[in-house]
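Chain residues, written in single-letter form:
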Amino acid sequence: MHWGVYEVFSVISGIVLLVCGLMLPNVKVKDRAGAVIGGAFLLVYGVYVAKQTTGTYSFPVAIFIIPAGAVIYLVAAAFGVTGSTAGGGRDDGE
């Protein structure tokens, strides 16, 4: 196997997204499912590319940006920093 920076970062990003998707509280099911599916994809793709001995495989620059943004979004959603309580920080149910 050949482990380069992209493969390692893909696997680490996948693990972080999986953990965030499975462990963070108060996350909507849609967001949780997206994090788990995205994390699994990054993990599997990183290992898949690392196992290749021939051919050309590329990683887009987005692989460095999207997982970080997803983790920030999930943490914000888990701890109530999203726009659902805008206008004073209290949800009065109105």
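Scoring rules and cut-offs
- Residues numbered from 1 in each chain as written.
- Predicted model: local features only at pLDDT ≥ 70, side-chain atom pairs only at ≥ 80, totals over all residues.
- Heavy atoms only, no water.
- Axes fitted to C-alpha atoms, helices over the stretch in contact; angles between N-to-C directions.
- Helix = DSSP H or I, 4+ residues; strand = E, 2+ residues; numbered from the N terminus.
- Parallel < 35°, antiparallel > 145°, perpendicular 65-115°, else oblique.
- Left-handed = near helix turned anticlockwise from the far one by under 90°.
- Contact = heavy atoms within 4.5 Å.
- Nonpolar A, V, L, I, M, F, W, Y, C, P; charged D, E, K, R; others polar.
- Phe/Tyr/Trp six-rings, centres within 6.5 Å; stacked < 30°, edge-to-face > 60°.
- Buried < 20%, exposed > 50% of the residue type's maximum accessible area, 1.4 Å probe, protein only.
- Patch = residues over 30% accessible without salt bridge, like charges linked within 9 Å, V, L, I, M, F, W, Y side chains within 5 Å.
- Areas by Shrake-Rupley, 256 points an atom, 1.4 Å probe, with all protein chains shown as cover.
- Salt bridge = Lys/Arg side-chain N within 4 Å of Asp/Glu carboxyl O.

As for the packing of helix α1 (residues 5-23) against helix α3 (residues 62-78)
Between two packed helices, the angle of one axis relative to the other and the distance separating the axes together describe the packing. It is at 10 Å that the axes of α1 and α3 come closest, and there the two elements cross at 15°. If you check the angle between α1 and α3, you find them roughly parallel. Like other packed secondary-structure pairs, α1 and α3 cross with a definite hand, here left-handed. The segment α1 lies against α3, with Tyr 6, Phe 9, Ser 10, Ser 13, Val 16, Leu 17, Cys 20 and Gly 21 engaging Ile 63, Phe 64, Pro 67, Ala 70, Val 71 and Leu 74. Taken together, the residues of the contact of α1 with α3 sort by class into 11 nonpolar, 3 polar and no charged.

Here's the deal with unusual backbone geometry
A positive phi angle is found at Asn 26, which is not glycine, with a value near 60°. Tracing the backbone through its elements, the reader meets Asn 26 in the loop between α1 and α2 (29-51).

A short note on the packing of aromatic side chains
All chains considered together, the criterion is met by 2 aromatic pairs. Geometrically, the ring pair formed by Phe 41 and Tyr 45 is stacked, given 5.8 Å between the ring centres and 10° between the ring planes. Of the two residues, Phe 41 and Tyr 45 both sit in helix α2, 4 residues apart, roughly one turn of that helix. Tyr 45 gets classed as partly exposed once you look at its relative accessible area, which sits at 24%.

So, a nonpolar patch on the surface
On the surface, Val 5, Tyr 6, Val 61, Phe 64, Ile 65 and Ile 66 cluster together into a nonpolar patch covering about 620 Å² of accessible area. Of all the elements, α3 adds the most residues to the nonpolar patch, at 3 residues. Tracing the chain through its elements places Phe 64 in helix α3. On the basis of relative accessible area, Phe 64 is assigned to the partly exposed category, the value being 33%.

Fair warning: the whole summary comes from geometry, so function is off the table for now.
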